[in-house]
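# Working through the structure, step by step
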Amino acid sequence: MSTILTIAEARRGELSPVSHELIAAGASLAAAAGARHLVAVASADAEALADGLARSGVDELLTVTTPTEHFDAHVAQQAAEALIEAEDPVVVLLGHTVDSLGFAPAVAARGGHGFASDVTELRWEDGPVAVRGAYGGKLAAELDFPGKSRAILLLRSGTFAPAIEPASPPRRAVEVAFGAPAAEHRGFTEAASGDLDITQSEFLLSVGRGIGEQENLPRFEALAEAMGATLSVSRPLVDAGWQTSARQVGQSGKTVTPKVYLALGISGAVQHVAGIRGAETIIAVNSDPEAPIFRVAHYGAVADLFEVADALERHFA
Ligand code: FAD
């Protein structure tokens, strides 16, 4: 029986949210491939972290205890290579994150494995097929890996529903003979508030070109704050320099998964909608009843967004 290996990710003693998305994606790929699904975590506190990975769809949990307290690309590379050698997986799944990008391409190049980053869809057709954007997001490319007995795939965070069902898969500690660390962890630098992470927000108030003028933007920043929401925007507002790309939702921006996504004056172009499919509830306000956003919205109002903003401001004053 072949093996799908998912490698979870952690930072500062906590599993990254993408870990549970990787588990769900790995479990469904393993089911389609008739493979077993191993989930591994490599960290100084791997044993403790493994509790949070005990979810349904995991056939076995592997723990690798690393000598360094914090992420080190060289250590992560050695752990991944040792796991691959020991378990011989046909597919290795990792998050498309800054950590994985620091070592997974090297693992693929050194091992001669297939590789794809920023994968947004995954399926099995006699082998893995990965979908990712190409040519600046203008095309969705489907990749298979002819001639490769193994593929390393980095999945985009927020595009796969997380595994939530608890389970009690068997566990195994894997010993790895680590070489001396190649780097020293000097500390963390907190992100500036302008670099906020909209992917972690449960409530996004998102505005588009419908707000008309840059001068109107502060009003919606204040409204978002009053409502307990985080402000996000469609791409034209970033292209115009009104907001930073950290707040852009969509195919060439961020994929978001809030509980509520309130879209004011956003038409719902495919490239925007690609970033909000994982939102639990989408509420759209648009003056055009034919706006495509209404095709994906759970609730919609054909209305002037400024009138809706007036009412919300009165309510949240
Ligand atoms: P518009 O399409 O101009 O829509 C404005 C909407 O506001 C209209 O529907 C209008 O009816 C409504 N409106 C106007 N006035 C009012 C009012 N007073 N009250 C209520 N409604 C009103 N876009 C993204 O957002 N994110 C991406 O990541 C992204 N990536 C892209 C990648 C590529 C390769 C390409 C080619 C495009 C990408 N785009 C992206 C751009 C995308 O195609 C759209 O152009 C963009 O999403 C449109 O933004 P919008 O809805 O704010 O503006």
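In what follows, the structure referred to is the one given above.
Every value quoted in this text rests on a predicted model; they were computed, and no experiment measured them.

## Digging into the layout of surface pockets
Space inside the largest pocket adds up to approximately 1,400 Å³. What lines the largest pocket is a set of 49 residues, and nearest its centre among them are E9, R11, S16, T97 and D99. If you list the elements that add at least two residues to the lining of the largest pocket, you get β2 (10-11), β3 (14-15), β4 (36-43), α3 (73-87) and α4 (98-101). Looking at side-chain class alone, the lining of the largest pocket contains 19 nonpolar, 16 polar and 14 charged residues. Estimated volume of the second largest pocket: approximately 1,100 Å³. Every residue lining the second largest pocket is counted, 43 residues in all, and those nearest its centre are S157, G158, T159, T255 and A274.

## Thoughts on the pattern of salt bridges
Throughout the structure, instances matching the rule amount to 15 salt bridges. When salt bridges with common partners are traced through the structure, they connect R36, E60, E87 and R172 into a single cluster.

## Points about α3
Think of an α-helix as turning once every 3.6 residues; residues three or four places apart then point the same way. The terminal C-alpha atoms of α3, which comprises 15 residues, lie 21 Å apart, in line with the 21 Å expected from a rise of 1.5 Å per residue. What α3 keeps buried is the set V75, A76, Q77, Q78, A79, A80, L83, I84 and E87. Between the side-chain oxygen at the start of α3 and the backbone nitrogen of H74 there is a gap of 2.8 Å, and the oxygen is on D72. A positive backbone phi angle near 50° is found at D88, which sits one or two residues after α3.

About the thresholds
Think of each chain on its own: its residues are numbered from 1, step by step along the sequence as written. With the structure being a predicted model, the display of local features is reserved for residues of pLDDT at least 70 and the display and counting of side-chain atom pairs for 80 or more, all residues being used for whole-chain, interface and lining totals. Side-chain numbers here rest on the full set of heavy atoms in the structure, without hydrogens or water. Space inside and on the surface of the protein is sampled on a 1 Å grid over the protein atoms alone, with a cavity defined as a set of points where a 1.4 Å probe fits but cannot get out and a pocket as an open set with protein on both sides within 12 Å along at least 5 of 7 lines; lining residues have an atom within 4 Å of a point. Grid points are joined across faces, edges and corners, and a volume is the space filled by probe spheres set on the points. For the purposes of this entry, the term helix denotes a DSSP run of H or I that reaches at least four residues, the term strand denotes a run of E that reaches at least two, and both are numbered from the N terminus. Polarity classes work like this: nonpolar for Ala, Val, Leu, Ile, Met, Phe, Trp, Tyr, Cys and Pro, charged for Asp, Glu, Lys and Arg, and polar for all others, with Gly in that last group. Put simply, a salt bridge is a Lys or Arg side-chain nitrogen that is within 4 Å of an Asp or Glu carboxyl oxygen. Multiplying 1.5 Å by the residue count of a helix minus one yields the expected span of that helix. Exposed residues in this analysis have more than 50% of their type's maximum accessible area, buried residues have under 20%, and partly exposed residues fall in between, with area computed by a 1.4 Å probe over protein chains only. Polar contact criterion, stated in full: a pair of N or O atoms within 3.5 Å, where within protein one must be able to donate a hydrogen and the other to accept it, and residues adjacent in sequence count only if both atoms are side-chain atoms.

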